[in-house]
Amino acid sequence: MSRSIRLAVIPGDGIGPEVVAQGLKVLGAALPSDVRLTTTEYDLGARRWHATGETLPDAELASLAGHDAILLGAVGDPSVPSGVLERGLLLKLRFAFDHYVNLRPARLLPGTATPLAGDPRIDFVVVREGTEGPYTGNGGSLRTGTPAEVATEVSVNTAYGVERVVRDAYERAQARPRKKLTLVHKNNVLVHAGHLWKNVFDAVGREYPEVTTDYLHVDAATIFFVTQPERFDVIVTDNLFGDILTDLAAAVTGGIGLAASGNINPAGTYPSMFEPVHGSAPDIAGSGKADPTATVLSVALLLRHLGYEAQAARVEDAVAADVAARDGSVRSTDEVGDALVARVTATAPGGPVPA
Ligand code: ATP
Ligand code: MG
């Protein structure tokens, strides 16, 4: 664990800067006082694109690479054509920094409203492949715009890419109390990719005899997310299935205001990036209504990734306590951030630190 953290911050658009400000406050409160935190802000996103036409210049990509981690708010605005920032910024970062693990925990905190009936126990984590599948831009369009148009979107699956994410998922399952790993795919229809995933899953599994394994088709998985979410512990799946399943996971665990994610390069060759699952929500930007909790939980993932496990747990406990105490009264973005800072500070070793 390093005693200094060089953090790159991309506040982004809409509510991005508002929630990131709260995330940074909580990060500052959670870190031991002898850890030196330096932050560098990057002006990237819709605003920048409108001003300069740039999404992510190579010089900035190189500069980002010199950091220990990246905290991202959200980028995007309806005024930017669809795909410009996704491909030019978000996917560019993911591929350049080899973020092959997209980590999305789903935990139903006591006090959170879920659309599910009864009192389901939900505490699982989705390990979504981040650099392959249908997201590589492979494919094309013939006779574009004509009635005879043909479009292909090729899903790329390599033994190398599948093995490393499957192995990461086994490691995470092995480290959790239940030690259960579920592979989600659709290998009855997507036979080529599906068989590669299943074969690799079974082969790597022989190295983890303590981990119980399971396989589900993605359509069945969506049903079980709603009817039996307690059956899941760790899920590993491809890029597209993971995208869809994690939005569903967010919906059943109290909504997008609580969903955190990490785009992780496990080897640490490049900085990993942490961000709330939600977008820039331009409809509520500037109103003080944005819930910063998802960003704060993303900060907890960041802390854990950098080796600050105790601090990550304190941030997560602060969120759990705050959620349990929420009585439906409306608080501003800032008030939620302050409440979380107060809870993190109150549980610091040695008691509250004088301001
Ligand atoms: P993107 O394309 O960037 O993913 P999106 O269209 O999926 O964006 P979001 O920006 O995630 O949409 O927001 C969807 C809606 O959810 C917003 O309009 C907003 O009202 C609400 N919302 C999103 N994030 C938050 C938040 N942190 N706090 C409160 N409400 C939010
Ligand atoms: Mg979205």
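From a predicted model like this one, the values you see are computed outputs, not experimental measurements. (Residues numbered from 1 in each chain as written. Chains lettered and ligands numbered in written order. Predicted model: local features only at pLDDT ≥ 70, side-chain atom pairs only at ≥ 80, totals over all residues.)

Concerning the overall build of the chain
Check the secondary structure of the chain and you find 11 helices and 12 strands. Here the chain has a C-alpha radius of gyration of 20 Å; the compact-globule value for 355 residues is 20 Å, and the two agree. Considering only C-alpha atoms, the chain reaches an extent of 65 × 50 × 40 Å along its principal axes. A burial count over the chain gives 43% of its 355 residues as buried. (Helix = DSSP H or I, 4+ residues; strand = E, 2+ residues; numbered from the N terminus. Rg over C-alpha atoms; globule rule 2.2 N^0.38 Å. Buried ≥ 20, exposed ≤ 12 C-beta atoms within 10 Å, placed from the backbone.)

Structural notes on the site of ligand 1
If you check the shell around ligand 1, you find 16 residues, and the closest are G76, H278, G279, A281 and D291. Of the residues in the shell around ligand 1, the class split is eight nonpolar, five polar and three charged. (Near = placed C-beta within 6 Å. Nonpolar A, V, L, I, M, F, W, Y, C, P; charged D, E, K, R; others polar.)

Thoughts on unusual backbone geometry
Keep in mind that most residues, glycine aside, have a negative phi and that most peptide bonds are trans. A positive phi angle, near 50 degrees, is found at R143, a position not held by glycine. Here R143 lies in the loop between β6 (139-142) and β7 (150-153). One non-glycine residue, A281, lies in positive phi territory at about 40 degrees. With respect to the secondary-structure elements, A281 resides in the loop between β12 (272-276) and α9 (293-305).

Points about the nonpolar core
Counting residues in hydrophobic clusters, the biggest one holds 90 residues, and the most contacted among them are V26, L71, V127, V299 and V315. Here this core takes eight residues from α9, the largest share from any one element. No fewer than three residues from each of domain 1 (1-107 + 255-355) and domain 2 (115-123 + 133-252) sit in this core. Not counting chain neighbours up to four residues away, the residues in contact with V26 comprise V296, V299, V315, G337, L340, V341 and V344. (Core = buried A, V, L, I, M, F, W, Y, C linked by C-beta atoms within 7 Å. Domains from an automatic or database assignment. Contact = placed C-beta atoms within 7 Å.)

Description of the packing of α9 against helix α10 (residues 309-325)
Interhelical geometry of α9 versus α10 gives an angle of 160 degrees and a closest axis separation of 7 Å. As judged from the angle between their axes, α9 and α10 are roughly antiparallel. Crossing of α9 against α10: the hand is left-handed. Together, T293, V296, L297, V299, A300, L303 and R304 of α9 and E309, Q311, A312, V315, E316 and V319 of α10 make up the contact between the two elements. Split into classes, the residues belonging to the contact of α9 with α10 amount to eight nonpolar, two polar and three charged. (Axes fitted to C-alpha atoms, helices over the stretch in contact; angles between N-to-C directions. Parallel < 35°, antiparallel > 145°, perpendicular 65-115°, else oblique. Left-handed = near helix turned anticlockwise from the far one by under 90°.)

Comments concerning the domain arrangement of the chain
What the domain assignment lists for the chain is domain 1 (1-107 + 255-355) and domain 2 (115-123 + 133-252). Taken over C-alpha atoms, the centre of domain 1 sits 25 Å from the centre of domain 2. Contact with domain 1, which involves 12 residues of that partner, is made by 12 residues of domain 2. With five residues, strand β4 (residues 101-107) is the largest single contributor of residues to the side of domain 1 that touches domain 2.

Looking at the environment of Y42
Mapped onto the elements of the fold, Y42 is located in the loop between β2 (36-41) and α2 (46-52). As for Y42 and E60, which are separated by 18 residues in sequence, their C-alpha atoms are 8.1 Å apart. Setting aside residues no more than four positions away along its own chain, Y42 makes contact with A8, V9, I10, E60 and L64.

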